Amino acid sequence: MKVCKFGGTSVASAEQIKKVANIIKSDATRRFVVVSAPGKRTSEDIKVTDLLIELANAVIQKQPFDEKIAKVVSRYEDNAIGLGLDHEICEIIELDLKARCEAALKQNDDAIMDSLKASGEDNNAKMIAAYFNSIGMLTRYVSPKEGLVVNDAPERTMAIAEAYEELSSLKDSQEIILFPGFFGYTKSGQLRTFDRGGSDITGAILSAAVGADLYENFTDVDCVFSANPKVVNNPAEIVEITYREMRELSYAGFSVFHDEALMPVVKQGIPVNIKNTNNPQAPGTRIVSKRVESKRPVTGISADSGFSILYVSKYLMNREIGFGRKLLQILEEENISYEHTPSGLDDISVIIRSFQLDDAKEERILQRVENELQADDVNFRHGFSMIVVVGEGMKYKTGLAASATAAISRTGANIEMINQGSSEVSLSFGVLEKYENVILKELYSEFFSAITV
Ligand SMILES: Nc1ncnc2c1ncn2[C@@H]1O[C@H](COP(=O)(O)OP(=O)(O)O)[C@@H](O)[C@H]1O
Ligand SMILES: N[C@@H](CC(=O)OP(=O)(O)O)C(=O)O
């Protein structure tokens, strides 16, 4: 039994949706289908989720929004015509969007945003279910209301244990189950979306709930590549990768699979297969708990921008009991999570995703660290990228860190931070954002172009 998730590009047009139907028809074990909202049809196109965010912002700011609704509906109309569906489905979608906008009068801004964002996947799932049925594929649309239970705000949205119990009964259904990705409901019935790209998470939750043998994640590339194909020319294909490696890579830049989507499947050891809707015959990449050892120590290199560093120094910091805890508590009280904390005897850096900061927060943190921890020096620096070199084989290869730093130094960039995870499966470097692409290319040629074993 397989759960198949189709990303935005796989359901962007009628032509793509027909490919999805053929993929499902070609294998009777493909019983569960999770879909995203229609994505980009061309590189210049706008994702429906982005159109919906614009619509939600207009509603929140009490600006006119009729045209924005019409833009969204027209994307579904194009698909309905191409799929030979009755226009009625578009009228239902238009009424649904209007109802969500009207309900906004009684909702807070977060609820308005979540409701409109989620409509992208919800309406697409209804339309695709209607299409499947119209061509004789017995299909049932299932709303996340029927069991995808998530936690309450303000925690980041995550499925709770009950979700797995409630959704498990779907495994007995005779029809194909068509499930919208990206959102769930709290116990009290509040709709909440996952982070962007979160339909991958829905697919993983459903896979774990029904005990799938395989979670197939269909996208627009043949496989996961060892580096972002938009930066590195013709990167090596990854045939098999472990959960741990994929987790490290998707954390920083491998946008092809959401890092939070691994947790539900890892727990049950369900393998994930990344595949291409446009070339379903290609074997794709398998994400598994244990893989055949490869000759290369490095499996992939990822890079992501948008990091800030909080630097704190204080003489004899190492002797002061509880210094680190107090520092991290200040961040906790500002609702900020951290990524790494590389440290020396008398100083510590905290690496933070910059989107969590604003001027007022920074000022408060600086004041508190100065006053409450009596730091000698404290400052924020911004505009950093994180480059992560990942491979299960790295711990057996001496001199790997030296090769990586030598490659980075050839680009003229200064390394602002180095961190080796305790599992030795990854090595991270903090560098100025402007060097990100050039370093990625240099590291790629260091570890993939030459024979390194
Ligand atoms: N290492 C990588 N391997 C494969 N694709 C990658 C990698 N890094 C980034 N990508 C990008 O991820 C894209 C697929 O992810 P996404 O846009 O979320 O697809 P979907 O709409 O199917 O969810 C690819 O088109 C590719 O540009
Ligand atoms: N549509 C949502 C969720 C998602 O997973 O989309 P995609 O499969 O296109 O990455 C987004 O754009 O974030």
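Note that the structure is a prediction, hence the values are computed from the model and not measured.

## Quick word on the nonpolar core
Counting residues in hydrophobic clusters, the biggest one holds 47 residues, and the most contacted among them are L170, F257 and I287. Per-element accounting of this core gives the leading share, 6 residues, to helix α7 (residues 199-210). Structurally, this core is a two-domain feature, drawing no fewer than three residues from each of domain 1 (2-209) and domain 2 (300-449). When neighbours within four sequence positions are excluded, L170 is seen to be in contact with F32, R140, V142, I177, F179, L206 and V210. If you look at the next biggest cluster of nonpolar residues, it comprises 44 residues, including F6, L51, C90 and L178.

## Topic: the sheet that holds strand β7 (residues 191-193)
A sheet is described by the order of its strands in space; here 3 strands give the open sequence β4-β6-β7, paired in mixed fashion. Whereas interior strands pair on both sides, the edge strands pair on one side only; in this sheet they are β4 (149-150) and β7. Note: β4 against strand β6 (residues 183-186), 2 bridges, orientation parallel. When the bridges of β6 are listed, V149 appears paired with Y185.

## Concerning the site of ligand 2
Contacts to ligand 2 come from K5, G7, G8, S36, K47, T49, E121, F182, R196, G197, G198 and S199. K47 has a polar side-chain atom sitting 3.0 Å from an oxygen atom of ligand 2. Between ligand 2 and the protein, one listed contact pairs a nitrogen atom with a side-chain N or O atom of T49 at 2.7 Å. Its free accessible area being 340 Å², ligand 2 has 90% of it covered by the protein chains. Here the shell around ligand 2 is built from residues that sort into 1 nonpolar, 7 polar and 4 charged.

## Comments concerning a negative patch on the surface
On the surface, a cluster of negative charge is contributed by D358, D359, E363, E370, D376 and D377. Per-element tally for the negative patch: the top contributor is helix α11 (residues 359-373), with 3 residues. One can find E363 in helix α11.

## Some thoughts on the domain arrangement of the protein chain
Accessible area lost on assembly of the parts is the figure often given for the size of an interface. According to the domain assignment, the protein chain consists of domain 1 (2-209) and domain 2 (300-449). Here the C-alpha centroids of domain 1 and domain 2 sit 37 Å apart.

## What to know about unusual backbone geometry
Note the cis peptide between A153 and P154, where omega equals 10°. Phi angles above zero are rare outside glycine, and N234 is one such case at about 55°. Positionally, N234 belongs in the loop between β9 (224-225) and β10 (237-238). Of note, the phi angle at N335 is positive, near 65°, even though the residue is not glycine. With relative accessibility at 64%, the residue N335 sits in the exposed group.

## Examining the site of ligand 1
Lining the immediate environment of ligand 1, one finds 19 residues, of which G8, T219, D220, F225 and K230 sit closest. Between ligand 1 and the protein, one listed contact pairs an oxygen atom with a side-chain N or O atom of T219 at 2.8 Å. S255 places a polar side-chain atom, nitrogen or oxygen, 3.4 Å from an oxygen atom of ligand 1. Contact with the protein chains removes 86% of the 570 Å² of surface that ligand 1 exposes when unbound. Within the residue set of the shell around ligand 1, elements represented by two or more residues are β8 (214-219) and β9. Residue classes in the shell around ligand 1 are distributed as 9 nonpolar, 7 polar and 3 charged.

## A few points about the pairing of strand β15 (residues 347-353)
Among the 7 residues in β15, 6 count as buried, and that is most of the element. Bridge count for strand β14 (residues 300-313) against β15 is 7 bridges, and the pairing is antiparallel. Pairing of S313 across the sheet is with D347, part of β15.

## Here's the deal with the packing of helix α3 (residues 66-82) against helix α5 (residues 109-134)
Running from N to C, α3 and α5 cross one another at 15°; their axes reach a closest spacing of 11 Å. One element, α3, and the other, α5, form an angle in the roughly parallel class. Remark: the crossing between α3 and α5 carries right-handed chirality. Between α3, through Y76, N79 and A80, and α5, the contact on the second element is made entirely by S119, G120, N123, N124 and M127. For the contact of α3 with α5, the class distribution of residues is 3 nonpolar, 5 polar and no charged.

What counts and how
Residues numbered from 1 in each chain as written. Chains lettered and ligands numbered in written order. Predicted model: local features only at pLDDT ≥ 70, side-chain atom pairs only at ≥ 80, totals over all residues. Heavy atoms only, no water. Core = buried A, V, L, I, M, F, W, Y, C linked by side-chain atoms within 4.5 Å. Buried < 20%, exposed > 50% of the residue type's maximum accessible area, 1.4 Å probe, protein only. Helix = DSSP H or I, 4+ residues; strand = E, 2+ residues; numbered from the N terminus. Domains from an automatic or database assignment. Contact = heavy atoms within 4.5 Å. Pairing = 2+ DSSP bridges. Near = heavy atom within 4 Å. Polar contact = N/O pair within 3.5 Å; in protein donor to acceptor, adjacent residues only side chain to side chain. Areas by Shrake-Rupley, 256 points an atom, 1.4 Å probe, with all protein chains shown as cover. Nonpolar A, V, L, I, M, F, W, Y, C, P; charged D, E, K, R; others polar. Patch = residues over 30% accessible without salt bridge, like charges linked within 9 Å, V, L, I, M, F, W, Y side chains within 5 Å. Salt bridge = Lys/Arg side-chain N within 4 Å of Asp/Glu carboxyl O. Lys, Arg positive; Asp, Glu negative; His and termini not counted. Charge placed at Lys NZ, Arg CZ, Asp CG, Glu CD. Axes fitted to C-alpha atoms, helices over the stretch in contact; angles between N-to-C directions. Parallel < 35°, antiparallel > 145°, perpendicular 65-115°, else oblique. Left-handed = near helix turned anticlockwise from the far one by under 90°.

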